[in-house]
Amino acid sequence: IKARSFMGFDPVAKKVITFGVDNVGGALQLSGTIVASAGTPSGDKIATEGEGSMGGQKVGFRESFTKTGDRALTWHGEVRVGKEWVVVGEDTCKR
């Protein structure tokens, strides 16, 4: 599966927004916040949650991006199956 997502910031709602699509008909729309931690006002984590479709079914989805260094971050994604959240992927990105 190949997927593409686009992230932005809604200044009216003061929320991070994400839209995503994949090459097998899946789509999602998420919103969330920048989480401040370790005394950094701009935060080092973005956490979003929302709904989308996968395999013709409506699903819940959430993901987070966490800054792990000046040039690195981690991504963690989960999909809701029934009442449980299941990890669908994790990745470490370095530049």
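The rules we used
- Residues numbered from 1 in each chain as written.
- Predicted model: local features only at pLDDT ≥ 70, side-chain atom pairs only at ≥ 80, totals over all residues.
- Heavy atoms only, no water.
- Helix = DSSP H or I, 4+ residues; strand = E, 2+ residues; numbered from the N terminus.
- Buried < 20%, exposed > 50% of the residue type's maximum accessible area, 1.4 Å probe, protein only.
- Areas by Shrake-Rupley, 256 points an atom, 1.4 Å probe, with all protein chains shown as cover.
- Lys, Arg positive; Asp, Glu negative; His and termini not counted.
- Charge placed at Lys NZ, Arg CZ, Asp CG, Glu CD.
- Phe/Tyr/Trp six-rings, centres within 6.5 Å; stacked < 30°, edge-to-face > 60°.
- Lys NZ or Arg CZ within 6 Å of the ring centre and 35° of its normal.
- 1 Å grid on protein atoms, 1.4 Å probe; cavity = no way out; pocket = protein on both sides within 12 Å on 5 of 7 lines; lining within 4 Å.
- Points joined across faces, edges and corners; volume = space filled by probe spheres on them.
- Nonpolar A, V, L, I, M, F, W, Y, C, P; charged D, E, K, R; others polar.
- Contact = heavy atoms within 4.5 Å.

Draft legend 1. Spotlight on the overall build of the protein. When helices and strands are tallied, the protein shows zero helices and seven strands. Ordered by position from N to C terminus, the α and β elements of the protein give β-β-β-β-β-β-β. Taken along its principal axes, the extent of the C-alpha atoms in the protein is 40 × 30 × 25 Å. Taken over 95 residues, the protein has a buried fraction of 21%. Of the roughly 6800 Å² that the protein leaves accessible, carbon and sulfur atoms contribute 55%. Here the protein carries 13 positive and 11 negative side-chain charges, and the mean point of each set is 4 Å from the other.

Draft legend 2. Examining the packing of aromatic side chains more closely. Summed over all chains, the structure comprises zero aromatic pairs. Over the ring of Trp85 we find Arg62; its NZ or CZ atom is 4.0 Å from the centre of that ring.

Draft legend 3. Here's a closer look at the layout of surface pockets. Of the volumes computed, that of the largest pocket is approximately 620 Å³. In terms of lining residues, the largest pocket is bounded by 24 residues, among which Ala3, Leu28, Phe61, Glu63 and Trp75 are the most central. At the level of elements, strand E1 (3-10), strand E2 (15-22), strand E3 (27-37), strand E4 (40-54), strand E5 (57-69), strand E6 (72-81) and strand E7 (84-94) are the ones that each hand at least two residues to the lining of the largest pocket. Of the residues that constitute the lining of the largest pocket, the class distribution is 13 nonpolar, seven polar and four charged.

Draft legend 4. Fine view of the side chain of Ser64. Within the secondary structure layout, Ser64 lies in strand E5. By relative accessible area, Ser64 is classed as buried at 13%.

Draft legend 5. View of the environment of Gly26. Looking at where Gly26 falls in the secondary structure, it is placed in the loop between E2 and E3. Taking the relative accessible area as the measure of exposure, Gly26 reaches 9% and is therefore buried. Between the C-alpha atoms of Gly26 and Arg71, which are 45 residues apart in sequence, the distance is 30 Å. Aside from chain neighbours lying at most four places away, what touches Gly26 is Gly20, Val21 and Ser53.

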